[in-house]
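Here are the chains, one letter per residue:
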Amino acid sequence: MRAHLCGIRTAWTEATDAARAVAEIADAIGGAEIAQLVVFFSPDYEPAALNRALGAHFPDAATAGCTMSGGFSPAGGLDRGLVVIAFPAKGFRIVSTVLDAIGHLDVERTASAVRALRRTLEPHGPDHLRERRFALSLIDGLTDAEETVVSAIAWALDGIPLVGGSAGDDLTFRDTVLLHGGAIHRDAAVLLLVETDFPVQIFKSDNFEPTQTKFVVTASDNEGRIVHELNAEPAAHEYAMAVGLDPEGLSPMSFAAYPLAVKIGGEYFCRSIRRMNPDGSLSFFCAVDEGVVLTLAQPCDIVAATRAELSRLDEALGGIDLVIGFECVLRRLDAESRQVRHGIAELYRRFNVVGFETYGEQYRAMHLNQTFTGIAIGRQPAPIAVQAAS
């Protein structure tokens, strides 16, 4: 367990049984008064057992969470287990909601729900606290609805910055689960709005640069996130030939090492491949429209890029107390293949990063892949702006 200066407590365990894992977390956190729990857990935990244990050990705390494809804590990475962020009532004001049936999202109703949630938070503080508000999203990573969900949420947030991650299940792509309000949810998203007395900054970090190799998506199923053809050739074959690999040998490691990116507003964003299908098509973690130009990207030094971003945040905040992070599972695979995962783990320990490995990341109004997004929280309460006399 780690007790942070802002009052948040983070705790983690690799216990294999859900009830035992929650009991260990409760013992570690002790008698602290907790207002909100955010939990990330392995997909092999039985969700109902985990939910019951959380309710029994933390009856007065609101709970939100999701399955993960691995986690990280201030002590290092976890391939499996339970990671918990415990927010105190002092210094943090948190409201949350669940959005159901996101596979057939009603955008207007979603926006209305988010606006209503925002209104419940705003009476807690005057407008000069707006820069200390942020939103966290947890989205079912198998519904393939993140773009629509994030767009609707961001529209209704009216400038409150959003970060988050898509629930994973260890790259099995069978079942991702969310928790909210004592219930288990699938085909859903959880949104938390947070206002704090401490300085905060959201961020995103990636480690790739574009090459001269381009692909035009000539046949795709946008709703299913499947690309059938690149440059009028079978997608998997064309991709494999471009990166010098045998099409039959394509794997998650291949996709992590040779990412694809799309250029939006002068900036490149990853559109990562989830898997190769038996018919030679490629399934993606993001929607890819027909006619889009994809650029083969070349990974850069992931440790150096991550260190630079965390150091920038540390200076901007006058010292990082902790970081709540959402990292694409493909970044972990890439770091492992390049034998630099220990370097990333050391950085996460140094800057008290806690979070989970995702099937996609949210940043403001965008759904991303192969990035590291999150919210950095400073060590000292932010000074309250003095209102000028009229």
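Placed above this text is the structure.
Residues numbered from 1 in each chain as written. Predicted model: local features only at pLDDT ≥ 70, side-chain atom pairs only at ≥ 80, totals over all residues. Heavy atoms only, no water.

> How should the overall build of the chain be read in this particular structure?
When its secondary structure is counted, the chain shows nine helices and 27 strands. Computed over its C-alpha atoms, the radius of gyration of the chain comes to 21 Å, within 12% of the 21 Å expected for a compact globule of 390 residues. Projecting the C-alpha coordinates of the chain onto the three principal axes gives extents of approximately 60 × 55 × 40 Å. When burial is assessed residue by residue, the chain has 57% of its 390 residues classed as buried. Pairs at least 24 apart in sequence give 81% of the contacts found in the chain among residues at least 6 apart. Counting only carbon and sulfur atoms, one obtains 49% of the accessible surface of the chain, whose full area is about 15300 Å². When the 33 positive and 50 negative side-chain charges of the chain are each reduced to one mean point, those points stand 6 Å apart. (Helix = DSSP H or I, 4+ residues; strand = E, 2+ residues; numbered from the N terminus. Rg over C-alpha atoms; globule rule 2.2 N^0.38 Å. Buried < 20%, exposed > 50% of the residue type's maximum accessible area, 1.4 Å probe, protein only. Contact = heavy atoms within 4.5 Å. Areas by Shrake-Rupley, 256 points an atom, 1.4 Å probe, with all protein chains shown as cover. Lys, Arg positive; Asp, Glu negative; His and termini not counted. Charge placed at Lys NZ, Arg CZ, Asp CG, Glu CD.)

> Looking at this structure, I do not really get the packing of helix α7 (residues 302-316) against helix α9 (residues 341-350). What am I missing?
Two measures define how a pair of helices packs: the angle their axes make with one another and the distance between the axes. Orientation of α7 relative to α9, taken along the N-to-C sense of each, is 10°, at an axis distance of 9 Å. The angle between α7 and α9 falls in the class roughly parallel. On α9, the residues touching Ile-302, Val-303, Thr-306, Arg-307 and Leu-310 of α7 are Gly-343, Ile-344, Leu-347 and Tyr-348. Broken down by class, the residue content of the contact of α7 with α9 amounts to six nonpolar, two polar and one charged. (Axes fitted to C-alpha atoms, helices over the stretch in contact; angles between N-to-C directions. Parallel < 35°, antiparallel > 145°, perpendicular 65-115°, else oblique. Nonpolar A, V, L, I, M, F, W, Y, C, P; charged D, E, K, R; others polar.)

> Is there a simple way to explain the sheet that holds strand β5 (residues 71-73) in this structure?
Pairing between the strands of a sheet is mediated by backbone hydrogen bonds and can be parallel or antiparallel. Spatially, six strands are ordered β6-β5-β24-β23-β27-β14 in an open sheet, and the strand pairing comes out mixed. Both outer strands of the open sheet, β6 (76-78) and β14 (200-205), are each paired with one neighbouring strand and no more. Sheet twist, expressed as the average angle between the axes of neighbouring strands with direction ignored, equals 15°. As paired elements, β5 and strand β24 (residues 353-358) share two bridges and run antiparallel to each other. Each bridged residue has a counterpart across the sheet, and for Phe-72 the counterpart in β24 is Gly-355. Across the face of the sheet, α7 comes into contact with β14, β23 (320-328) and β27 (372-378) while running at roughly 165° to β14. Along the sheet, α9 contacts β5, β6, β23, β24 and β27; its crossing angle with β24, the most-contacted strand, is approximately 140°. (Pairing = 2+ DSSP bridges.)

> It is not clear to me how the sheet that holds strand β12 (residues 183-185) should be interpreted in this structure. Could you clarify?
Spatial ordering of the open sheet is given by β1-β2-β7-β3-β4-β11-β12, a layout of seven strands whose pairing is mixed. Edge positions in the open sheet fall to β1 (2-3) and β12, since each of these has one partner strand only. Along the sheet, helix α1 (residues 18-29) makes contact with β2 (9-13) and β7 (82-87), crossing β2 at roughly 145°. Across the face of the sheet, helix α2 (residues 47-57) comes into contact with β3 (36-41), β4 (62-67), β7, β11 (178-180) and β12 while running at roughly 145° to β12.

> How should the packing of aromatic side chains be read in this particular structure?
The geometry of two aromatic rings is summed up by the distance between their centres and the angle between their planes. With the rule as written, the count across this model stands at 12 aromatic pairs. On the basis of an interplanar angle of 45° and a centroid distance of 5.1 Å, the ring pair of Phe-72 and Tyr-348 is categorised as tilted. Of this pair, Phe-72 sits in strand β5 while Tyr-348 sits in helix α9, and the two are 276 residues apart along the sequence. Each member of the pair Phe-72 and Tyr-348 is classed as buried. On the numbers, 5.7 Å between centres and 50° between planes, the contact of Phe-285 with Tyr-359 is tilted. With a gap of 74 residues between them, Phe-285 in the loop between β21 (282-284) and β22 (293-299) and Tyr-359 in the loop between β24 and β25 (361-363) connect regions that are remote in the sequence. Overall, Tyr-359 belongs to the buried group, its relative accessible area being 1%. Cluster of aromatic residues (ring-pair linked, three or more members): Phe-72, Phe-203, Tyr-348 and Phe-372. A cation over an aromatic ring shows up here: Arg-115 above the ring of Trp-155, its NZ or CZ 4.9 Å from the ring centre. Residue placement shows Arg-275 over the ring face of Phe-173; its charged tip is 5.9 Å from the ring centre. (Phe/Tyr/Trp six-rings, centres within 6.5 Å; stacked < 30°, edge-to-face > 60°. Lys NZ or Arg CZ within 6 Å of the ring centre and 35° of its normal.)

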